[in-house]
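This is what each chain is made of:
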Amino acid sequence: MSIRKPLLAGNWKMYKNTGEAVELVEGLKKNLGGVTDREILVCTPFTALYAVGRALKGSNIKLGAQNLFWEPKGAYTGEIAPGMLVDTGCSYAIIGHSERRQYFGENDGSVNKKMKAAFSAGLTPIVCVGETLQEREQNVTFKVIERQVNTGIEGLDEEQAKKLVIAYEPVWAIGTGKTATPQQAEEVHAYIRKLYLKLYGNAASDAVRILYGGSVKPDNTSELMKEPNIDGGLVGGASLEVDSFTKIVKYKV
Ligand code: PGA
């Protein structure tokens, strides 16, 4: 079991219009109001942020975005600045999700810029890393993770390094129903923490939270959360319904 405060984060991807989004968080608020030993987060589409931010005011559920641009303002048609996200009530932003790397050309360089821009605006970044099926089969998982961490996550100061959240999401486990076994996940989480220790030292590597993502469901959360280096979950599909996300947040240890 982790010694850090667990973070259960929903990544809604491109689902839910405003009305549906507010309905979902109203249900979550009702079910999760008493939870204080875990941090709860929903990362909604941009278009729902403002309305969901208002609905969540004063609750124990935090708001996050799924992406941002690294410039604070300017002529960047179609992009969203970190400060605009803070303005809607966000305190977190997911950076470098594998779908963004795969379909929208993001790489360790853009991830690094976005992570630093998020911190500058006062957001806590959740930086995603993870190998593809092909990379796992070629036995280069650790090499890929090492590159993603050392290039994508370098250059933070000590306070930022303690605050950062990393999500390990094996690409082959996302949306496939194929969860990594707790042992497979723990092995990579421990490796990420070791890399982090080299980058930022003891205090930061003890503090950084490393979430697991990839087909997290109500019935596999507890066993994943038993591992010492798994500090929470980044949940896609199962975060889209009140019941399943409630069960995930309320996993038993
Ligand atoms: P999933 O997605 O839970 O639907 O596998 C996880 C993610 O992509 O963050």
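Read on for an overview of the structure. Worth saying up front: this structure is predicted, and the values here are computed from it rather than measured.

Attention now moves to the overall build of the protein chain. Helix and strand content of the protein chain: 12 helices and eight strands. What you see for the protein chain is a C-alpha radius of gyration of 17 Å, in line with the 18 Å of a compact globule of 253 residues. Projected onto its principal axes, the C-alpha positions of the protein chain cover 45 × 45 × 35 Å. With 253 residues in all, the protein chain has 53% of them scored as buried. Taking the contacts inside the protein chain whose residues are at least 6 apart along the sequence as the reference set, 73% of them involve residues at least 24 apart. Counting only carbon and sulfur atoms, one obtains 52% of the accessible surface of the protein chain, whose full area is about 11400 Å². Positive and negative charge centroids in the protein chain, built from 31 and 29 side chains respectively, lie 3 Å apart.

Let's shift gears to the pattern of salt bridges. Under the definition given, this model contains 15 salt bridges. A salt bridge links Glu154 to Lys116, with the nearest nitrogen and oxygen atoms 3.7 Å apart. With Glu154 in the loop between α7 (141-152) and α8 (158-163) and Lys116 in helix α5 (residues 108-121), this pair connects stretches of sequence that are 38 residues apart. Residue classification places Glu154 among the partly exposed positions, given a relative accessible area of 33%. Exposure remark for Lys116: the relative accessible area of 31% places this residue in the partly exposed category. Counted as one network, the salt bridges with shared partners bring together Arg4, Arg193 and Asp231.

Bringing the packing of aromatic side chains into the picture now. Enumeration over the complete set of coordinates arrives at six aromatic pairs. For the pair Phe69 and Trp70, a centre-to-centre distance of 4.6 Å together with 35 degrees between the ring planes defines the contact as tilted. Using a relative accessible area of 13% as the deciding quantity, one classes Phe69 as buried. Under the relative-accessibility criterion, Trp70 is labelled partly exposed at 26%. In this structure an aromatic cluster arises from ring pairing among Phe69, Trp70 and Tyr76. Here the guanidinium or amino end of Arg38 rests over the ring plane of Tyr251, the centre of that ring lying 4.0 Å away.

On to the site of the ligand, then. By nearness alone, 13 residues border the ligand, and Lys13, His97, Glu169, Gly175 and Ser215 come closest of all. Within the side chain of His97, one N or O atom sits 2.7 Å away from an oxygen atom of the ligand. The contact in question runs from an oxygen atom of the ligand to an N or O atom on the backbone of Gly236, over 2.9 Å. In isolation the ligand exposes 280 Å². Once the protein is present, 97% of that is buried. Grouping the constituent residues of the shell around the ligand by class yields four nonpolar, seven polar and two charged.

Okay, the sheet that holds strand β8 (residues 232-235) next. Taken in spatial order, the eight strands line up as β1-β2-β3-β4-β5-β6-β7-β8 and close into a barrel, and their pairing is parallel. Here the strands of the sheet are splayed against their neighbours by 25 degrees on average, with no regard to which way each runs. Pairing of strand β1 (residues 7-11) with strand β2 (residues 39-43) involves five bridges; the strand directions are parallel. By the bridge assignment, Asn11 is partnered in β2 with Cys43. Across the face of the sheet, α5 comes into contact with β4 (92-95) and β5 (124-129) while running at roughly 160 degrees to β5.

With that out of the way, let us pick up the side chain of Glu39. Locating Glu39 in the fold gives a position in strand β2. You can call Glu39 buried: its relative accessible area is 10%. Apart from residues lying up to four places away in sequence, Glu39 is in contact with Lys5, Pro6, Leu7, Leu8, Lys62, Tyr92 and Arg209.

Relative to the 20 Å expected for 14 residues at 1.5 Å per residue, α5 spans 20 Å between its end C-alpha atoms, a close match to the ideal helical length. Where α5 begins, one side-chain oxygen reaches toward the backbone nitrogen of Gly109, 3.0 Å away; that side chain belongs to Asn107. Looking at the residues trailing α5, positive phi occurs at Gly122, about 95 degrees.

At their nearest, the axes of α7 and helix α9 (residues 182-200) sit 10 Å apart, and the two run at 40 degrees to each other. Here α7 lies oblique to α9, going by the angle between them. The two elements α7 and α9 meet at a crossing, and its hand is right-handed. Here Thr141, Phe142, Ile145, Glu146, Val149 and Asn150 of α7 come into contact with α9, specifically with Glu187, Val188, Tyr191, Ile192, Leu195 and Leu199. Classifying every residue of the contact of α7 with α9 gives eight nonpolar, two polar and two charged.

Thresholds, definitions, all that
- Residues numbered from 1 in each chain as written.
- Predicted model: local features only at pLDDT ≥ 70, side-chain atom pairs only at ≥ 80, totals over all residues.
- Heavy atoms only, no water.
- Helix = DSSP H or I, 4+ residues; strand = E, 2+ residues; numbered from the N terminus.
- Rg over C-alpha atoms; globule rule 2.2 N^0.38 Å.
- Buried < 20%, exposed > 50% of the residue type's maximum accessible area, 1.4 Å probe, protein only.
- Contact = heavy atoms within 4.5 Å.
- Areas by Shrake-Rupley, 256 points an atom, 1.4 Å probe, with all protein chains shown as cover.
- Lys, Arg positive; Asp, Glu negative; His and termini not counted.
- Charge placed at Lys NZ, Arg CZ, Asp CG, Glu CD.
- Salt bridge = Lys/Arg side-chain N within 4 Å of Asp/Glu carboxyl O.
- Phe/Tyr/Trp six-rings, centres within 6.5 Å; stacked < 30°, edge-to-face > 60°.
- Lys NZ or Arg CZ within 6 Å of the ring centre and 35° of its normal.
- Near = heavy atom within 4 Å.
- Polar contact = N/O pair within 3.5 Å; in protein donor to acceptor, adjacent residues only side chain to side chain.
- Nonpolar A, V, L, I, M, F, W, Y, C, P; charged D, E, K, R; others polar.
- Pairing = 2+ DSSP bridges.
- Axes fitted to C-alpha atoms, helices over the stretch in contact; angles between N-to-C directions.
- Expected span 1.5 Å × (residues − 1).
- Parallel < 35°, antiparallel > 145°, perpendicular 65-115°, else oblique.
- Left-handed = near helix turned anticlockwise from the far one by under 90°.

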